[in-house]
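A structural walkthrough
In case you want the letters, here they are:
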Amino acid sequence: MQPIDQFFPLLKQPFKAVITCHQKPDGDAMGSTLALYHFLKQLGHDVKVISPTNWAQFLDWMPGTDHVIDFEQNRAESTQIVNDADYVFCLDFNILHRTKHLEPVIAASNAVKILIDHHQQPDTPSFGYGISDVKMSSTCEMIYDFIVQSGHSNLINLDIATCLYTGLMTDTGSFRFPSTTASVHKIVAHLKELGLQHSKIHEHIYDQGSEARLKFMGNAFLYRMQVFPEYNTALMAIPKADIYKFELKTGDTEGLVNYLLSIQGIKFAAIVIDREEERKWSFRSKGIFDVNIFARTHFEGGGHANAAGGRSSKSVEETANDFKNILTEYKSQLTQ
Ligand code: 5GP
Ligand code: MN
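Here the structure is a predicted model, which is why all the values come from computation and not from measurement. (Residues numbered from 1 in each chain as written. Chains lettered and ligands numbered in written order. Predicted model: local features only at pLDDT ≥ 70, side-chain atom pairs only at ≥ 80, totals over all residues. Heavy atoms only, no water.)

**Notes on the coordination of the manganese ion (ligand 2)**
Reference values for angles at a metal are 109.5 degrees in the four-donor tetrahedral case and 90 or 180 degrees in the six-donor octahedral case. Around the manganese ion (ligand 2), the protein contributes the donor atoms Asp28 (OD), Asp92 (OD), His118 (NE2) and Asp171 (OD), at 2.2 to 2.4 Å from the metal centre. Assessed through its relative accessible area of 1%, His118 is described here as buried. (Donors = N, O, S within 2.8 Å, 3.2 Å for Na, K, Ca; no water. Buried < 20%, exposed > 50% of the residue type's maximum accessible area, 1.4 Å probe, protein only.)

Below, the structure is given as structure tokens:
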């Protein structure tokens, strides 16, 4: 993989590009993808955004979402677009299987793949150009740098600012995680100077939930949460019945795991949700306990040191029991 600045001269020649991100895009995946889309369009390139799957409704207000193609709903069209592309920009993931059923399509295409991502352990041989930096707060921060460092900061308009802020805000837990550096605040200051309306974005992201979602959360805290003070750990296991009962939609469980860390003394939070094809794990930690390693070692996953995900093909009860058994191995790390 060549460094990303080697790609900057290629921005001058017209090209066909696909921009994609990880399945079930979050605020950072969608924000970085759309910000890059608005940027490359201004340079006159032929750009298409393909999401591997659908996304949470609370992202639908973002400028440009109406142009995003859902691969699972438009397989033939998307495959054709990827096959015709010169470049595939891969944002907010670093290993192709994070694009689910889109993976074989990207892998088979002759397009040069470009990586811009901040997760650990990138699969660099899969990419022609790229940048991978775990110190970055968000992929949106990296897209901001990409635009500025390629000499185009004058092209950052309100749409780009809005998309970038969304990812900066969501991936830093509203500017509270340790990844929130001075650079992050400087970027936000610049975006504010461009007219960014930040409080509207917070409302769009955090104040669009349904009444049923809150009832689901109440039920989850009462009946689905287990706290293990001897391990400074909290676990939540959500059965499929809850998803149906409260008519949850994509994105309705996002952020739930973070609440477990609000319990005094809890350093490790885990939630497993019974999804259609698999049991999806989310892990969060405070301090030195590395959930990326935990997720990789035990649950076919990965992510960051303090936020990671994984999966299991077992039942929700079985995988939750596995988790409790595994926890005993980590007692000393979790009680330091
Ligand atoms: P979440 O729990 O919000 O789904 O994910 C937390 C973080 O871990 C995100 O940065 C996400 O991209 C990453 N992540 C989630 N699931 C997986 C996975 O299965 N594999 C890898 N490598 N990363 C994951
Ligand atoms: Mn991210």
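More follows now that the structure is in view.
**Thoughts on the sheet that holds strand S13 (residues 307–312)**
The strand order across the open sheet formed by 6 strands is S8-S9-S10-S11-S13-S12, and the pairing between neighbours is mixed. Strand pairing shows two members of the sheet lacking a second neighbour, strand S8 (225–228) and strand S12 (302–303), which therefore form its edges. Running over the sheet, helix H8 (residues 211–223) touches S8 and strand S9 (233–238) and is turned about 125 degrees from S9. (Pairing = 2+ DSSP bridges. Helix = DSSP H or I, 4+ residues; strand = E, 2+ residues; numbered from the N terminus. Contact = heavy atoms within 4.5 Å. Axes fitted to C-alpha atoms, helices over the stretch in contact; angles between N-to-C directions.)

**Digging into the domain arrangement of the chain**
Along its sequence, the chain is organised into domain 1 (2–206) and domain 2 (211–335). For domain 1 and domain 2, the distance between their C-alpha centroids amounts to 27 Å. On the domain 2 side, the residues contacting the 13 residues of domain 1 number 10 residues. In total, about 1,100 Å² of surface goes out of reach between domain 1 and domain 2, with carbon and sulfur atoms giving 42% of it. (Domains from an automatic or database assignment. Buried area = accessible area lost by both parts, 1.4 Å probe.)

**Observations concerning the environment of Ser132**
By the secondary structure assignment, Ser132 is in strand S7 (residues 129–132). Distance in space between the C-alpha atoms of Ser132 and His118 is 5.4 Å, their sequence separation being 14 residues. Those residues within four positions of Ser132 in sequence are excluded, and the remaining contacts are Leu115, Asp117, His119, Pro122 and Met142.

**Let's talk about the pairing of strand S5 (residues 87–91)**
Across the 5 residues that make up S5, a large majority, 5, are buried. Residues Tyr87, Phe89 and Leu91 point to one face of S5 and Val88 and Cys90 to the other, with burial holding for every one of them. Pairing of strand S2 (residues 16–21) with S5, which is carried by 5 bridges, proceeds in the parallel orientation. Across the sheet, residue Ala17 finds its bridge partner in S5, namely Tyr87. By the bridge criterion, 5 bridges tie S5 to strand S6 (residues 112–117) in an arrangement that is parallel. Looking at S6, one finds that Leu91 is bridged to Ile116.

**Brief notes about the nonpolar core**
One finds Phe89, Phe146 and Leu191 to be the most contacted residues of the largest nonpolar core, which totals 51 residues. Beyond its immediate chain neighbours, meaning those up to four positions away, Phe89 contacts Phe7, Phe15, Ala17, Val18, Ile19, Thr20, Leu36, Leu40, Ile114 and Phe146. In this structure, Phe268, Phe299, Ala308 and Val316 belong to the second largest nonpolar core, which totals 21 residues. (Core = buried A, V, L, I, M, F, W, Y, C linked by side-chain atoms within 4.5 Å.)

**What about the packing of helix H1 (residues 27–42) against helix H5 (residues 158–171)?**
Two elements in contact, H1 and H5, have axes whose closest approach is 8 Å; the angle formed by their N-to-C orientations is 160 degrees. Between H1 and H5, the crossing angle belongs to the class labelled roughly antiparallel. Our pair here, H1 against H5, has a crossing hand that is left-handed. From H1, Gly27, Asp28, Gly31, Leu34, Ala35, His38, Phe39 and Gln42 reach across to H5, where they touch Asp159, Ile160, Cys163, Leu164, Thr166, Gly167, Thr170 and Asp171. (Parallel < 35°, antiparallel > 145°, perpendicular 65-115°, else oblique. Left-handed = near helix turned anticlockwise from the far one by under 90°.)

**Concerning the packing of aromatic side chains**
Each aromatic ring pair is described using two quantities: the centre-to-centre distance and the angle formed by the ring planes. Inspection of every chain in the model, using the stated rule, returns 26 aromatic pairs. The interplanar angle of 85 degrees and the centroid separation of 5.6 Å between the aromatic rings of Phe7 and Phe89 together place this pair among those described as edge-to-face. Taken as a pair, Phe7 in the loop between strand S1 (2–3) and S2 and Phe89 in strand S5 lie far apart in primary sequence, 82 residues in all. Like Phe89, Phe7 is buried. With 5.2 Å between their ring centres and 25 degrees between their planes, Trp281 and Phe323 make a pair best called stacked. Here Trp281, found in strand S11 (residues 279–285), pairs with Phe323, found in helix H12 (residues 316–327); they are 42 residues apart in sequence, far enough to count as distant. (Phe/Tyr/Trp six-rings, centres within 6.5 Å; stacked < 30°, edge-to-face > 60°.)

**A look at the side chain of Arg284**
Of note, Arg284 is situated in strand S11. Nearest to the buried, unbridged Arg284 among oppositely charged side chains is Glu254, at 7.2 Å. Among the polar contacts listed, one links the side chain of Arg284 to the side chain of Asn258, at a separation of 3.4 Å. When residues no more than four places from it in sequence are discounted, the contact partners of Arg284 are Val257, Asn258, Leu261, Lys267, Phe268, Ala269, Val291, Asn306, Ala307 and Ala308. (Lys, Arg positive; Asp, Glu negative; His and termini not counted. Salt bridge = Lys/Arg side-chain N within 4 Å of Asp/Glu carboxyl O. Polar contact = N/O pair within 3.5 Å; in protein donor to acceptor, adjacent residues only side chain to side chain.)

**Quick notes on the sheet that holds strand S3 (residues 46–51)**
A sheet is described by the order of its strands in space; here 7 strands give the open sequence S1-S7-S6-S5-S2-S3-S4, paired in parallel fashion. Whereas interior strands pair on both sides, the edge strands pair on one side only; in this sheet they are S1 and strand S4 (68–70). Sheet topology places S6 next to S7; 4 bridges connect them, and they run parallel. Along S7, the bridge assignment pairs Leu115 with Gly130.

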